[in-house]
Each structure stands twice: as C-alpha cells, then as structure tokens.
Amino acid sequence: ASIPLTDVSAKLNSGTLGYVRTFGLFGRSASAALAVPYVWGSVEGNVQEEFRRVTRSGFADLQSRLTVNLLGGPALTPGEFAARTPETTLGFTLVTVAPTGEYMPDKLINIGSNRWAFKTELGFSQPAGKWAFEAYAGAWFFTPNDDFFGGQRRTQDPIYAFQGHVSYTFRPRLWLAVSGTYYTGGETSLDG
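Residues numbered from 1 in each chain as written. Predicted model: local features only at pLDDT ≥ 70, side-chain atom pairs only at ≥ 80, totals over all residues. Heavy atoms only, no water.

Student: Would you mind going over the pairing of strand β1 (residues 5-25) in detail, with residue names and values included?
Tutor: As judged from the 19 bridges shared by β1 and strand β2 (residues 28-47), these two strands associate in the antiparallel manner. Each bridged residue has a counterpart across the sheet, and for Ala-10 the counterpart in β2 is Val-43. In textbook terms, the turn of a hairpin is the stretch between consecutive antiparallel strands, and for β1 and β2 this stretch comprises 2 residues, one of which, Phe-26, has a positive phi near 55 degrees. (Pairing = 2+ DSSP bridges. Helix = DSSP H or I, 4+ residues; strand = E, 2+ residues; numbered from the N terminus.)

If you want it as structure tokens, here you go:
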C-alpha cells in the first residue's frame, strides 16, 4: 500500500547457481547453503493511474543459509542415515539475504532490495509410528532501505510465520500429509 501501483502483473524468470554442503557440527547434522539468483522479466501496471511496462534483468540478492539440529539428528554417514530410525528432532535455521542484487534508487521496480534480511526458524519433528508431527516457527527481520525510490526511507516490520504438518506413511515413498501455514506482520512504510 505504500507504493503507488495498481493492477500490477509480473512475468519473472530466474535461474539460481547454488551450493549446499552437509556436515557435522558439534556432533549434530548441519548444512550450509549459498545461492546466487539471476532474474529477468517484465512488470506492468498503473503507476499513479498511468500505465507503464518495464523490463529488468540482473543478479538478485545473495542468499545464505545455515541449519543445525539442536536435538536429535546426529551427524551420520550416508549408510547410517539410510538405516536410522526417525527420532524427536529440534532444528534451527538462519537465512541471510545480502543487498548485492541490481538496484537503482531512481527506479521504482528493482531486482535487488537494497537492504539486509534475516530469517530465524525453529523446527520440531515428532515421529509416532507411521505418523509424523511437525511444527515450525520463524520470523523475517529487515533493515531499512535508506535509498528507496525518490530518496525515501522504506522500512518493514518483521514477518512471523507458523507452520504445522501431519503425515502418515503407508509404505516407503508413499505418504499422505496435511499442512497449514500462517503469516502475520510485515507492514511496510515510507518515511514513517
């Protein structure tokens, strides 16, 4: 609502070069990932009631992720992992999005966001025979963009996310799951 756009339609494509590595951290299973997305496409809509169409292409913001199990999920060899019996697990994830993407402060539509973003998340998994119960709680936090379109300062409140999953395994590689997700927060404002 803080951006004067209406009837917006976007056709965006992206390709990502990424690297993921799993490893043991203090005896627990962990992984680290790095992703460099490239985005191209067009956006059209009304800007203050005047129709406009723009095309953009370039690198988006660099993303990294660190995940570690805090409870359960010990570091295992591939053979040990395949033979393991699922157990209660609690994991933590930190995602960082760095403001490295293409950004032009004189343009309203950009590929990069010109701000840092951090997501923390806790995930819990409880197996019970053929059933599995999972819950996640996380939050995105954003630094301000002090050079938003027209020299404005754009801020965004944290976005909180909650997820729940219940699944039943009939046999290996055949299961049924029900999931739900709830988001709240994220109010954006310009110059307060």
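Structure shown, so let's carry the discussion forward.
Student: Kindly report on the pattern of salt bridges, identifying the contributing residues and their values.
Tutor: The tally for this structure, following the rule as stated, stands at 4 salt bridges. A salt bridge links Glu-50 to Arg-52, with the shortest nitrogen-to-oxygen separation between them at 3.3 Å. Among the residues examined, Glu-50 registers a relative accessible area of 45% and is labelled partly exposed. Between Arg-153 and Asp-146 there is a salt bridge, with the nearest N and O atoms lying 2.6 Å from each other. Its relative accessible area of 39% is what places Arg-153 among the partly exposed residues. In this structure Asp-146 comes out as exposed when scored by relative accessible area, which is 52%. (Salt bridge = Lys/Arg side-chain N within 4 Å of Asp/Glu carboxyl O. Buried < 20%, exposed > 50% of the residue type's maximum accessible area, 1.4 Å probe, protein only.)

Student: Can you lay out the environment of Gly-73 for me, pointing to particular residues and giving the numbers?
Tutor: Mapped onto the elements, Gly-73 comes out in the loop between β4 (62-71) and α1 (78-83). In this structure Gly-73 comes out as buried when scored by relative accessible area, which is 15%. With 17 residues separating them in the primary sequence, Gly-73 and Leu-90 have C-alpha atoms 8.1 Å apart. Sequence-distant contacts of Gly-73, defined by excluding residues within four places in its chain, comprise Arg-28, Ser-29, Glu-87 and Thr-89. (Contact = heavy atoms within 4.5 Å.)

Student: Please set out the packing of aromatic side chains residue by residue, giving values where relevant.
Tutor: To describe a pair of aromatic rings, you give the distance between the ring centres and the angle between the ring planes. In total, this model carries 7 aromatic pairs according to the counting rule given. Here the aromatic rings of Trp-116 and Phe-118 are separated by 6.0 Å at their centres, their planes lie at 5 degrees, and the arrangement is stacked. With a relative accessible area of 39%, Trp-116 lands in the partly exposed category. On the basis of an interplanar angle of 15 degrees and a centroid distance of 6.3 Å, the ring pair of Trp-131 and Phe-133 is categorised as stacked. By relative accessible area, which is 41% here, Trp-131 ends up partly exposed. An aromatic cluster of at least three residues, connected via ring pairs, comprises Trp-131, Phe-133, Tyr-168 and Phe-170. Sitting over the face of the ring of Phe-81, Arg-84 holds its NZ or CZ atom 4.2 Å from the ring centroid. (Phe/Tyr/Trp six-rings, centres within 6.5 Å; stacked < 30°, edge-to-face > 60°. Lys NZ or Arg CZ within 6 Å of the ring centre and 35° of its normal.)

Student: Residue-level account of the layout of surface pockets, with values.
Tutor: Here the largest pocket defines a volume of roughly 980 Å³. Taken together, 38 residues line the largest pocket, and the ones lying closest to its centre are Asn-69, Gly-73, Phe-81, Arg-84 and Thr-89. At the level of elements, β1, β2, β4, α1, β5 (89-98), β6 (117-128), β7 (131-142) and β10 (159-171) are the ones that each hand at least two residues to the lining of the largest pocket. Here the residues of the lining of the largest pocket are counted per class, giving 16 nonpolar, 17 polar and 5 charged. (1 Å grid on protein atoms, 1.4 Å probe; cavity = no way out; pocket = protein on both sides within 12 Å on 5 of 7 lines; lining within 4 Å. Points joined across faces, edges and corners; volume = space filled by probe spheres on them. Nonpolar A, V, L, I, M, F, W, Y, C, P; charged D, E, K, R; others polar.)

Student: Describe the sheet that holds strand β8 (residues 145-148), naming the residues involved and giving the relevant values.
Tutor: Spatially, the 3 strands line up as an open sheet ordered β8-β9-β12, and their pairing is antiparallel. The strands lining the two open edges of the sheet, one partner per strand, are β8 and β12 (188-190). Looking at each pair of strands side by side, their axes are set apart by 30 degrees on average, direction ignored. Strand direction decides the pairing type here: strand β9 (residues 152-156) and β12, joined by 3 bridges, are antiparallel. When the bridges of β12 are listed, Gln-156 appears paired with Thr-188. (Axes fitted to C-alpha atoms, helices over the stretch in contact; angles between N-to-C directions.)

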